[in-house]
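Listed below, chain by chain, are the residues.
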Amino acid sequence: MKKLTALLAILFLAVTFGVPAGAQTVTAGDIEISNPNARAMVPGAKVGGGYLSITNKGKADDKLVGITSTRAKSSEIHQMSVNNGVMTMRAVADGLVIPAGQTIELKPGGYHVMFTDVAEPFKQGETVKATLTFEQAGQVDVEFTVGGANAMKMDGHSGMSDMSKPQ
């Protein structure tokens, strides 16, 4: 009975907090990529967002220098920030440093993947294949699990205060 209760509690928390089913973890060299996920897009949308965590378990920094996907004409790492009350979003031109021994979260309100010129909008329940390219770890294939359009919705401006950059 205790095992069943614990299993139901875990299932409830996973559904409640939007943990994607089949969350993926991929390792390449010292780099570990976990929980690649994207939001479903509305019909006709041409831009989609992707999110994941990148952990560098090595003793030297690495850098995410590119991303490609057959689902988008181009894909970039972007950073959203708020300065003096003005929200800006820009491509990270020289790549995103993943410091040794640290984890960088690509999430709403900060760093994220921007899929542009998407021919067919992402649908909930499907996966979007992509290849991440790192200076040291090389190319790493991942599959972004597509959740609901509001799977990671921020209410109001909550979540925007955490615009942290890698240290």
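The rules behind each value
- Residues numbered from 1 in each chain as written.
- Predicted model: local features only at pLDDT ≥ 70, side-chain atom pairs only at ≥ 80, totals over all residues.
- Heavy atoms only, no water.
- Buried < 20%, exposed > 50% of the residue type's maximum accessible area, 1.4 Å probe, protein only.
- Helix = DSSP H or I, 4+ residues; strand = E, 2+ residues; numbered from the N terminus.
- Pairing = 2+ DSSP bridges.
- Phe/Tyr/Trp six-rings, centres within 6.5 Å; stacked < 30°, edge-to-face > 60°.
- Core = buried A, V, L, I, M, F, W, Y, C linked by side-chain atoms within 4.5 Å.
- Contact = heavy atoms within 4.5 Å.
- Patch = residues over 30% accessible without salt bridge, like charges linked within 9 Å, V, L, I, M, F, W, Y side chains within 5 Å.
- Areas by Shrake-Rupley, 256 points an atom, 1.4 Å probe, with all protein chains shown as cover.
- Salt bridge = Lys/Arg side-chain N within 4 Å of Asp/Glu carboxyl O.
- Polar contact = N/O pair within 3.5 Å; in protein donor to acceptor, adjacent residues only side chain to side chain.

Colleague: Just give me the short version of the pairing of strand 1 (residues 25-28), but keep the residues and values in it.
Modeller: Residues Val26 and Ala28 point to one face of strand 1 and are all buried, whereas Thr25 and Thr27, pointing to the other face, are not buried. Pairing of strand 1 with strand 2 (residues 31-39) involves four bridges; the strand directions are antiparallel. Counted as the bridge partner of Val26 is Ile33 from strand 2. Count of turn residues in the strand 1/strand 2 antiparallel hairpin: two residues, of which Gly29 carries a positive phi of about 60°.

Colleague: With reference to specific residues and values, describe the packing of aromatic side chains.
Modeller: When we look at a pair of aromatic rings, we describe it by the centre distance and by the angle of the planes. Throughout the structure, instances matching the rule amount to two aromatic pairs. Taking the centre distance of 5.3 Å and the plane angle of 80° together, the rings of Phe115 and Phe122 count as edge-to-face. Of the two residues examined, Phe115 and Phe122, each falls in the buried class. Between Phe115 and Phe144, the ring centres sit 5.5 Å apart and the planes meet at 90°, which makes this aromatic pair edge-to-face.

Colleague: How would you explain the nonpolar core if you had to name every residue and give the values?
Modeller: Counting 32 residues, the largest nonpolar core has Ile33, Ile54, Ile77, Leu106, Phe134 and Phe144 as its most contacted members. Excluding its chain neighbours within four sequence positions, the residues that come into contact with Leu106 are Tyr51, Leu52, Ile54, Ile77, Leu96, Tyr111, His112 and Val113.

Colleague: Report on a nonpolar patch on the surface, specifying residues and quantitative values.
Modeller: Residues Val82, Met87 and Met89 make up a contiguous nonpolar surface patch of roughly 250 Å² in combined accessible area. Among the structural elements, Met89 can be located in strand 6 (residues 86-91).

Colleague: I'd like a rundown of the side chain of Asn56, residues and numbers included.
Modeller: Position of Asn56 relative to the elements: it lies in strand 3 (residues 47-56). Polar side-chain contacts of Asn56 include one of 2.9 Å to the backbone oxygen of Ala60. Among all residues touching Asn56, those that are not within four sequence positions of it are Asp30, Ile31, Asp61, Asp62, Ile98, Pro99, Ala100, Gly101 and Gln102.

Colleague: Would you mind going over unusual backbone geometry in detail, with residue names and values included?
Modeller: One non-glycine residue, Asn84, adopts positive backbone phi at about 55°. Residue class for Asn84 comes out exposed when judged on its relative accessible area of 83%. Of note in the backbone geometry, Asp117 takes a positive phi value of approximately 55° without being a glycine. Here Asp117 lies in strand 9 (residues 111-118). Relative accessible area serves as the criterion here: at 44%, Asp117 is assigned to the partly exposed category.

Interpretation note: all reported values are geometric properties and have no functional meaning in isolation.
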